Amino acid sequence: MGFSRSLFVLFQFLLFLVLSQNIVLAEKKSYIVYLGAHSHGPNEISLESEESAKDSHYELLASFLGSKEKAQDSIIYSYTKYINGFAATLEEEEAKQISQHPNVISVFPNRGRKLHTTKSWDFLGLERDGRVPKASIWSKAKFGEDVIIGNLDTGVWPESESFRGEGMGPVPTQWKGACENHKDTSFHCNRKLIGGRFFNKGYLAFLASVNATRPSEVIDSPRDTDGHGTHTLSTAAGRFVPSANVFGFGNGTAKGGAPNARVAAYKVCWPPVDGGECFDADVMAAFDQAIYDGVHVLSVSLGGSASDYFGDGVAIGSFHAVKHGITVVCSAGNSGPDAGSVSNVAPWILTVGASTMDREFQSYVWIDKTKIHYKGQSLSQSRLPGNKYYPFISAVDAKAANASEVDAMQCVAESLDPVKVKGKIVVCIRGNSARVEKGEVVREAGGVGMVLANDDSTGNEIIADPHVLPATHISYSSGVDLLKHINSTRSVLGYITSPRTKLGTTPAPFMAAFSSQGPNVVTEEILKPDITAPGVGILAAYSEATSPTGMALDKRRVPFNSESGTSMSCPHIAGIAGLLKAMHPGWSPSVIRSAIMTTARVRDNKRMPISDSNFHRATPFSYGSGHVRPNRAMDPGLVYGLSPNDYLNFLCALGYNSSQIATFSHPYKCPDTPIKIENLNYPSIAVPNLSGKVEITRRVKNVGTIGTYTVHVEAPRGVSVSVMPTKLKFSGLGTVKEFKVVLEAQKGVPTGEYVFGSLVWSDGKHFVRSPIAVKA
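Student: I'd like a description of the overall build of the chain, backed by residues and values.
Tutor: A count of helical and extended segments in the chain gives 20 helices and 34 strands. Scaling as 2.2 N^0.38, a compact globule of 776 residues should have a C-alpha radius of gyration of about 28 Å, and the chain matches this with 29 Å. C-alpha atoms of the chain, sized along the principal axes, occupy 115 × 75 × 65 Å. Taken over 776 residues, the chain has a buried fraction of 57%. Partitioning the contacts of the chain with sequence separation of at least 6, the portion at a separation of at least 24 is 73%. Looking at the chain as shown, the accessible area adds up to about 32,600 Å², and 51% of this sits on carbon and sulfur atoms. Of note, the chain has its 77 positive side-chain charges centred 8 Å away from the centre of its 71 negative side-chain charges.

Student: So, the pattern of salt bridges: which residues are in play, and what are the values?
Tutor: Pairs can form between side chains of opposite charge once their charged atoms are near each other. Applying the stated criterion to the full structure yields 22 salt bridges. Its salt-bridge partner being K54, residue E51 comes within 4.0 Å of it at the nearest N-O pair. You can see E51 and its partner K54 sitting in helix α2 (residues 47-65), three residues apart, about one turn around the helix. Its salt-bridge partner being E92, residue K96 comes within 4.0 Å of it at the nearest N-O pair. Separated by four residues within a single helix, K96 and E92 lie in helix α4 (residues 92-99), roughly one turn from each other. Taking the relative accessible area as the measure of exposure, E92 reaches 51% and is therefore exposed. Overlapping salt bridges bring together E159, D184 and R223 as one network.

Student: Could you give an account of the side chain of E525, naming the residues involved and the relevant values?
Tutor: Counting through the fold element by element, E525 comes out in the loop between β22 (500-503) and β23 (531-534). Buried within the structure, E525 lacks any salt-bridge partner; K775 is the closest side chain of opposite charge, at an N-O distance of 10.0 Å. Discounting chain neighbours no more than four positions away, the residues touching E525 are I677, E678, A686 and P688.

Student: How would you summarise the nonpolar core if you had to cite specific residues and measurements?
Tutor: L152, Y266, L298, Y309 and W348 are the most contacted members of the largest nonpolar core, which totals 48 residues. Setting aside anything within four residues of it in sequence, one finds L152 in contact with Y266, V268, V283, A286, F287, L298, S299, V300, S301 and L302. Core analysis: the next-biggest nonpolar cluster, separate from the first, contains 42 residues, A236, V297, I592 and I596 among them.

Student: Got a sec to walk through the side chain of T356? Specific residues and values, please.
Tutor: Within the secondary structure, T356 is located in the loop between β14 (350-355) and β15 (359-367). Using a relative accessible area of 8% as the deciding quantity, one classes T356 as buried.

Student: Quick rundown of the state of the cysteines? Include the residues and the values.
Tutor: Within this structure, the stated rule accounts for four disulfides. Note on cysteine connectivity: C179 is disulfide-linked to C189, with sulfurs 2.2 Å apart. In this structure, the disulfide formed by C179 and C189 twists by about 90° around the S-S bond and is classed as right-handed. Within this pair, whereas C179 is found in the loop between β5 (148-153) and β6 (193-198), its partner C189 is found in the loop between β5 and β6, the two being separated by ten residues in sequence. The class for C179 is partly exposed, based on a relative accessible area of 24%. Judged by its relative accessible area of 24%, C189 is partly exposed. With a sulfur-sulfur separation of 2.0 Å, C652 is cross-linked through a disulfide to C670. Sign of the S-S torsion, about -85° for the bond between C652 and C670, identifies this disulfide as left-handed. Residue C652 is found in helix α19 (residues 644-653), and its partner C670 is found in the loop between α20 (658-661) and β27 (685-687); the two are separated by 18 residues along the sequence. Each disulfide in the chain links cysteines that, numbered along the sequence, combine into the pattern 1-2, 3-4, 5-6, 7-8.

Student: Summarise the packing of aromatic side chains; cite the residues concerned and give the values.
Tutor: The full count for this structure, using the stated rule, is 19 aromatic pairs. For the pair W121 and W138, a centre-to-centre distance of 6.4 Å together with 45° between the ring planes defines the contact as tilted. Linking W121 in helix α5 (residues 120-123) with W138 in helix α6 (residues 137-140), this pair joins segments that are 17 residues apart in sequence. Residues W121 and W138 agree in their burial class; the two are buried. Taking 5.7 Å as the distance between ring centres and 90° as the angle between the ring planes, the aromatic pair formed by Y709 and F730 counts as edge-to-face. Residue Y709 is found in strand β29 (residues 707-714), and its partner F730 is found in strand β31 (residues 727-730); the two are separated by 21 residues along the sequence.

Student: Outline the sheet that holds β31, listing residues and values.
Tutor: Neighbouring strands of a sheet are bound in pairs by backbone hydrogen bonds; such pairs are parallel or else antiparallel. On the basis of which strands lie adjacent, the open sheet formed by five strands has the order β27-β34-β33-β29-β31 and mixed pairing. At either margin of the open sheet sits one strand with a lone partner, and together these are β27 and β31. The average angle at which neighbouring strand axes cross in this sheet is 20°, direction not considered. In the sheet, strand β33 (residues 754-762) pairs with strand β34 (residues 767-775) via nine bridges, with the strands oriented antiparallel. Note on β34: the bridge partner recorded for V755 is V774.

Student: Can you tell me about the pairing of strand β32 (residues 736-745), naming the residues and giving the values?
Tutor: Relative to β32, strand β28 (residues 693-702) is paired through nine bridges, and the arrangement is antiparallel. Counterpart to R698 in the pairing with β32 is F739. Relative to β32, strand β30 (residues 719-724) runs antiparallel, the two sharing six bridges. The residue bridging V719 from the neighbouring strand is A745, located in β32.

Student: Could you give me a rundown of the sheet that holds β30, with the residues and numbers involved?
Tutor: If you walk across this open sheet you meet the four strands as β26-β28-β32-β30, and the pairing is antiparallel. Each end of this open sheet is capped by a strand with a single partner; those strands are β26 (638-639) and β30.

Student: Explain the environment of T235 to me, using residue names and the numbers behind them.
Tutor: Structurally, the position occupied by T235 is in helix α8 (residues 228-237). The buried category is assigned to T235, whose relative accessible area is 3%. For the pair T235 and R435, spaced 200 residues apart in sequence, the C-alpha to C-alpha distance is 23 Å. Beyond its immediate sequence surroundings of up to four residues, T235 is in contact with W121, G256, G257, I538, A540, M568, P571 and H572.

Student: Account for a nonpolar patch on the surface, naming residues and giving values.
Tutor: On the surface, W366, Y389 and L493 cluster together into a nonpolar patch covering about 260 Å² of accessible area. With respect to the element layout, L493 can be found in strand β21 (residues 493-496). The exposure class assigned to L493 is partly exposed, which follows from its relative accessible area of 31%.

Student: Before we move on, can you summarise helix α16 (residues 589-598) with the specific residues and values?
Tutor: Within α16, ten of the ten residues are buried, leaving the element largely enclosed by the surrounding structure. Of the positions making up α16, those classed as buried are P589, S590, V591, I592, R593, S594, A595, I596, M597 and T598.

So, how was this worked out
Residues numbered from 1 in each chain as written. Predicted model: local features only at pLDDT ≥ 70, side-chain atom pairs only at ≥ 80, totals over all residues. Heavy atoms only, no water. Helix = DSSP H or I, 4+ residues; strand = E, 2+ residues; numbered from the N terminus. Rg over C-alpha atoms; globule rule 2.2 N^0.38 Å. Buried < 20%, exposed > 50% of the residue type's maximum accessible area, 1.4 Å probe, protein only. Contact = heavy atoms within 4.5 Å. Areas by Shrake-Rupley, 256 points an atom, 1.4 Å probe, with all protein chains shown as cover. Lys, Arg positive; Asp, Glu negative; His and termini not counted. Charge placed at Lys NZ, Arg CZ, Asp CG, Glu CD. Salt bridge = Lys/Arg side-chain N within 4 Å of Asp/Glu carboxyl O. Core = buried A, V, L, I, M, F, W, Y, C linked by side-chain atoms within 4.5 Å. Disulfide = S-S within 2.5 Å. Phe/Tyr/Trp six-rings, centres within 6.5 Å; stacked < 30°, edge-to-face > 60°. Pairing = 2+ DSSP bridges. Axes fitted to C-alpha atoms, helices over the stretch in contact; angles between N-to-C directions. Patch = residues over 30% accessible without salt bridge, like charges linked within 9 Å, V, L, I, M, F, W, Y side chains within 5 Å.

Rendered as structure tokens:
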């Protein structure tokens, strides 16, 4: 009896062990096995290519699971179009083994996440955690329904999901544009992408003038082979696209500022030749055509050095567009942080600087046997091979025999010695060549990774790029510290971590170092830029005719990409302008600009003044009126209006005569007494030569509620500011009131440098703010 009981207990124990083992074996999770990009191009996808990709996934997984049948049972998804990889149900140990395979880039759990935007529109307050509040301008403006936004750029990739036409109503009857696909029948339009045109006669003429051969990628089509135009147009008005990401980073729902707007692409930019891409002859032809076609807003992310208005194709074309009621939004340029580098400075243009948002793709540099680490950013999809540390080397110490120290330090092509670089992580300094190109130089020389460090001018502005090797971008102070450590230690080993998306970072926004700055070198009395918007690490649609780095050796293709520049901030404002036009069809371009400018904020998410890339206090020469707040812009209270004749009077005041100005608008005659340039009814105030006292006049129009506004002034240092009257009483909608601002230099005012302040009209609900810039 006792023996039988013992056998029974033993049997129960053995059964428990077996069942426990089965339970452990049954604990499988879903993982994503990422293999990079397919060898086939985006135009080569077919049933055959997809089946081939799927079979390769089965073979890879079968080598770990033991049979093709087990692999087929395990795989949930096979990514066969653009992404190369698969999702499969695996044991943790199996996932670890697969991650060591030489063809596998990464293996990571299929985590459940909350829906959130690809970030900038959430940061601007149009949505919260994937939900659109009733008070959002998106709700009020019906997401920009039936507004038409044109884009002068490198064209568009019409196959992108951001431009799908399903579910949209008929094309607005006012539209007179066309879809120019007679030489590229694969290019198509729909109810979202309602037009596409190309302009290259000016470009081709320039090629002929320098005896240059027409590049093979110059096709007579609006199709985007560069990526820039697709990115900017989708930022302005792309439709909602779930699960958008770059190599798995920044995953969320992509969308533009006005998702229900119609879009039209005007291709005016082509492969660079002698430093030029977008020639004035083509730009002006596109402006002319867009006006005829019937666009409401034009986004123009191109420009050059600021020049005389009559010698600037963008200034001329945009004036005619504004004259016909089209809001023209232009990028400020990427020549910062130099003073006076801002471009597109005509007063009828809405000029946009670039700043950061509260998302980072963090990738750290770790030093072996220490707690030293440096935060960087990256979108590198590759990781350092093996679980080990690698030696660091300064690029200067890796200099090739015939290279200069400056070229080597900045990792310029052919500046590094392969013998010195092989197997090492190279520390390069930013400047002189593209960030991603430096990584290619390191890779070609045999380096395993790159740390890109800022110089003192770029400070804390670190940018996530899709590098071709394991790499991260660190700040100036971190770079100085890292190089000091390398130079003072015999052998430094370390590691670069894989990127991770981090939300809610601080401070944000701060100004991008590359964002061009004022003062306006053409007309200092017009403060430029006008506004700032997100322009760093912007995820948006991309052309699949090129790689995410734009380099020929990079064979990867992505439907979305992360880009940085004032080119990215410009379409944010264009999208917002589209929303305002949808909500207030009668608003003129100057009223839309005023609403955007006077409702902007000048503090970051720590409630501190917006800073520059060195975390010093920024000025209106960086951010204009401040960082855009779309929900405030739809109800600005008061606006500063300007008519085409006001702009013509401004040109007369600059010394242009009536016959010259007739090229802008005919017939026209300059007033007998020219206006004071400072009195142009601009939403900001700039006085470049204050000597004693100056009186400035402004007019504001009530577009809000009936009430009384009181003025509040923050005077620039050493300058007294008085406003008459101090109260403005509005008895009805559309009422216009005039006020005068007197600025007077005080004893001790700094001379030869600008000082800044502000003027705010408020009725308790609205805060209508204008920046003031003064130089004595």
